[in-house]
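# Notes for the structure review
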Amino acid sequence: LGPKHALAYDTSLRDGTQGESVSVSCDNKLKIAERLAEFQLDYIEAGWPGSNPKDAEFFERAKTELSQDVQSKLVAFGSTRRKNILAKDDGQIRALVESGAPTICMVAKGHLWQGTDIIRAT
């Protein structure tokens, strides 16, 4: 019984680099992505292209510097559109699309109080 297959989703290149005193260059992120792919991971969450220039650079360089196999595993992380801005006009959404990543992981407010009290949306 149970699942016959599990998917592996690695967050080392985004969440793993948020610790105090942790800094990874774009060159090293590209090398780490290649190594992670060798572990047969299904998904490699590589960064938030709309949040900082280094992650935007990573996705741009990945298009030409990483193999098709590694590229096929990349995930761009981001958030839903901002309040009072259409998705087509939101720079964060545009950065996700322009990243070229075949998969996007979006974080969103999921509880009613977050919508009403945090972002004050109705």
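Residues numbered from 1 in each chain as written. Predicted model: local features only at pLDDT ≥ 70, side-chain atom pairs only at ≥ 80, totals over all residues. Heavy atoms only, no water.

### Quick look at the pattern of salt bridges
On inspection of all chains with the given rule, the structure shows eight salt bridges. Residue K29 is joined to D55 by a salt bridge in which the shortest nitrogen-to-oxygen separation is 2.6 Å. Taken together, the residues K29 in helix 1 (residues 26-38) and D55 in helix 2 (residues 53-65) connect sequence positions 26 residues apart. Given the relative accessible area of 7%, D55 is considered buried. Across the pair K88 and D89 runs a salt bridge whose closest N-O atoms are separated by 3.5 Å. The class for K88 is exposed, based on a relative accessible area of 65%. Owing to a relative accessible area of 42%, D89 belongs among the partly exposed residues under this scheme. Linked through salt bridges whose partners overlap, the residues forming this network are D27, E57, R61 and E65. (Salt bridge = Lys/Arg side-chain N within 4 Å of Asp/Glu carboxyl O. Helix = DSSP H or I, 4+ residues; strand = E, 2+ residues; numbered from the N terminus. Buried < 20%, exposed > 50% of the residue type's maximum accessible area, 1.4 Å probe, protein only.)

### Comments concerning the side chain of Q71
Turning to its location among the elements, Q71 is positioned in helix 3 (residues 68-71). A relative accessible area of 17% means that Q71 is categorised as buried. Side-chain polar atoms of Q71 contact the backbone oxygen of L66, separated by 2.6 Å. In contact with Q71, not counting residues within four places along its chain, are A62, K63, L66 and P102. (Polar contact = N/O pair within 3.5 Å; in protein donor to acceptor, adjacent residues only side chain to side chain. Contact = heavy atoms within 4.5 Å.)

### Details of the packing of helix 1 against helix 2
Where helix 1 meets helix 2, the closest approach of the two axes is 9 Å, and the angle between their N-to-C directions is 55°. With respect to their mutual orientation, helix 1 and helix 2 come out oblique. In the crossing of helix 1 with helix 2, the sense of the turn from one axis to the other is right-handed. Residues C26, D27, K29, L30, A33 and E34 of helix 1 form the contact with helix 2, whose own contacting residues are K54, D55, E57, F58, R61, A62 and E65. The residue inventory of the contact of helix 1 with helix 2, partitioned by class, reads five nonpolar, no polar and eight charged. (Axes fitted to C-alpha atoms, helices over the stretch in contact; angles between N-to-C directions. Parallel < 35°, antiparallel > 145°, perpendicular 65-115°, else oblique. Left-handed = near helix turned anticlockwise from the far one by under 90°. Nonpolar A, V, L, I, M, F, W, Y, C, P; charged D, E, K, R; others polar.)

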